[in-house]
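Close look at the chain arrangement
In case you want the letters, here they are:
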Amino acid sequence: MIRVTVWNENLHEREIPEIKRVYPQGIHGCIKEFLSKESNLEVTTVTLDMPGQGLPRELLEKTDVLIWWSHALHHEVTDENAQMVAEFVRRGMGFIALHSSHMCKPLRLLLGTTMTLKWKDDDSERLFVTCPSHPIAKGIPEHFDLENEEMYGEYFDIPKPDDVVFTGWFKGGYAFRSGVTFTRGNGKIFYFQPGHESFPIYYNETIQKIITNAVNWAKGDVLLAERDNVMVTD
């Protein structure tokens, strides 16, 4: 069983009626709903307004993959919590950062760059699989379209990825490394660009398949082995 924690700042869904209509249970609730259909996943959701900002150490100790969605409140996550998340990733916890989480404190600590990019509202996107052999791309068509999405464009200030699994092209003319992987210590990291809060991106079956694939890929063999008392050898 892979234990997944979905962390969400949960601001827009509470304060903006138009977004609450898109995600009445919050983005975290939507992600939990589709992941919970998988028999090998046990899913917990937490939010920034919970005790300990939803990041108690005892929860992270029981988390194999942490999914993170944030946008407006990156600065409210304490440095101590960000450092703790980064350390758990280095130990082997998988980390999946979605959409505007490119600016979250844990990811910036782990990757060491500004993570800045170009952006504008209201565009459409075609995503191409640019590493078809990668497990995250399993069962995904060569390309697929998102009718409405926020544009993210290059230059994206990230270190060289292990793999660029998806590349996005926007109707306005910009291209973007939309799905990239990294390794830090024993931890696997996946950043995935689609997921603007105003659009029902996380109801899209292809997006759901990609995130599910990413969870299974990022599960952290070292962490699972330590938990189950199994020695891992090359």
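Up top is the structure.
Now for a look at the structure at hand. (Residues numbered from 1 in each chain as written. Predicted model: local features only at pLDDT ≥ 70, side-chain atom pairs only at ≥ 80, totals over all residues. Heavy atoms only, no water.)

What follows deals with the nonpolar core. One finds Leu35, Ile67, Phe166 and Tyr202 to be the most contacted residues of the largest nonpolar core, which totals 38 residues. The dominant element in this core, judged by the number of residues it contributes, is helix H7 (residues 205-218), at seven residues. Residues Leu60, Val77, Ala97 and Val180 belong to the second largest nonpolar core, which totals 36 residues. (Core = buried A, V, L, I, M, F, W, Y, C linked by side-chain atoms within 4.5 Å. Buried < 20%, exposed > 50% of the residue type's maximum accessible area, 1.4 Å probe, protein only. Helix = DSSP H or I, 4+ residues; strand = E, 2+ residues; numbered from the N terminus.)

Take the sheet that holds strand E5 (residues 118-129) next. An order of E2-E1-E3-E4-E9-E8-E7-E5-E6 is seen for the nine strands of this open sheet, with the pairing classed as mixed. At either end of the open sheet lies a strand with only one pairing partner, and these are strand E2 (41-47) and strand E6 (143-153). Recorded for the sheet is a direction-independent mean angle of 25° between the axes of neighbouring strands. Relative to E2, strand E1 (residues 2-8) is paired through seven bridges, and the arrangement is parallel. Bridge assignment links valine 4 to a residue of E2, and that residue is valine 43. (Pairing = 2+ DSSP bridges. Axes fitted to C-alpha atoms, helices over the stretch in contact; angles between N-to-C directions.)

Time to look at the pattern of salt bridges. Inspection of the entire model under this criterion finds six salt bridges. For the salt bridge of aspartate 64 with arginine 3, the shortest nitrogen-to-oxygen distance reads 3.5 Å. A residue pair is termed long-range when its members are at least 10 positions apart, and aspartate 64 in the loop between helix H4 (57-60) and strand E3 (65-69) and arginine 3 in strand E1 qualify at 61 residues. Each member of the pair, aspartate 64 as well as arginine 3, is classed as buried. (Salt bridge = Lys/Arg side-chain N within 4 Å of Asp/Glu carboxyl O.)

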